[in-house]
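An overview of the molecular structure
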Amino acid sequence: TFPYREGGEMGRRTGFPNGRPTKFRASMIDVLGESIAKGGTISYWARLYHVDRGTIVRWIRRGKRDAEAGRNTKFAALAVAVAEARRKFNVTMWG
């Protein structure tokens, strides 16, 4: 079998059977939310944190799923912060 799939031999040797550890940190939640509330973009934060824009979008989507399922995770906190920030930005921009 291919060693990289499903925590195969390579996963056991590297100590990361489920893939690379996330770069997401809880400290990013407030900073990202405040920036979006002021008109910042996800692309800007992706470059700042050295991750792909799609990664941040996946974090937010995962957070939405976690929040809807009632799970209190750091991803859920991110999704809530981003949603609130977008509302603040829209009110400031158009209100």
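Because the structure is a prediction, the values reported are computed rather than measured.

So, about the overall build of the protein chain. Scanning the protein chain from N- to C-terminus turns up five helices and zero strands. Start at the N end of the protein chain and walk to the C end: the helices and strands fall as α-α-α-α-α. By residue count, 29% of the 95 residues in the protein chain fall in the buried class. In the protein chain, of all internal contacts separated by at least 6 residues, the share reaching a separation of at least 24 is 44%. Total accessible area on the protein chain is roughly 7000 Å²; 52% of this is exposed by carbon and sulfur atoms.

For the rest of this paragraph, the subject is the nonpolar core. The biggest cluster of nonpolar side chains holds 19 residues, and the ones touching the most others in it are Phe24, Leu32, Ile56, Trp59, Ile60 and Leu78. Broken down by secondary-structure element, the contributors of at least two residues to this core are helix H2 (28–37), helix H3 (42–48), helix H4 (53–68) and helix H5 (74–94). At six residues, H5 tops the list of elements feeding residues into this core. Beyond its immediate chain neighbours, meaning those up to four positions away, Ile56 contacts Leu32, Ile42, Trp45, Ala46 and Val51.

On to the side chain of Ser35. Here Ser35 shows up in helix H2. Not counting the four nearest positions on each side in its chain, Ser35 is found in contact with Gly40 and Trp45.

So, about the confidence of the model for the protein chain. Summary statistics for the protein chain give a mean pLDDT of 80 and a share of 77% for residues scoring 70 or more. When the elements of the protein chain are averaged for pLDDT, helix H1 (residues 9–14) gives the smallest value, 52, and H4 the largest, 93. Low pLDDT, under 50, characterises residues 1–8; the predicted model gives this stretch eight contacts beyond four residues in sequence or across chains.

What the largest pocket holds in volume is close to 220 Å³. Taken together, Arg20, Pro21, Thr22, Lys23, Val51, Asp52, Thr55, Arg58, Trp59, Arg62 and Phe75 make up the full set of residues lining the largest pocket. Ranked by residues supplied to the lining of the largest pocket, first place goes to H4 with four residues. When grouped by side-chain class, the residues that make up the lining of the largest pocket number four nonpolar, two polar and five charged.

Backbone geometry at His50 places phi at a positive 60 degrees, although glycine is not the residue there. Structurally, His50 can be placed in the loop between H3 and H4.

About the cut-offs
Residues numbered from 1 in each chain as written. Predicted model: local features only at pLDDT ≥ 70, side-chain atom pairs only at ≥ 80, totals over all residues. Heavy atoms only, no water. Helix = DSSP H or I, 4+ residues; strand = E, 2+ residues; numbered from the N terminus. Buried < 20%, exposed > 50% of the residue type's maximum accessible area, 1.4 Å probe, protein only. Contact = heavy atoms within 4.5 Å. Areas by Shrake-Rupley, 256 points an atom, 1.4 Å probe, with all protein chains shown as cover. Core = buried A, V, L, I, M, F, W, Y, C linked by side-chain atoms within 4.5 Å. pLDDT = per-residue confidence, 0-100. 1 Å grid on protein atoms, 1.4 Å probe; cavity = no way out; pocket = protein on both sides within 12 Å on 5 of 7 lines; lining within 4 Å. Points joined across faces, edges and corners; volume = space filled by probe spheres on them. Nonpolar A, V, L, I, M, F, W, Y, C, P; charged D, E, K, R; others polar.

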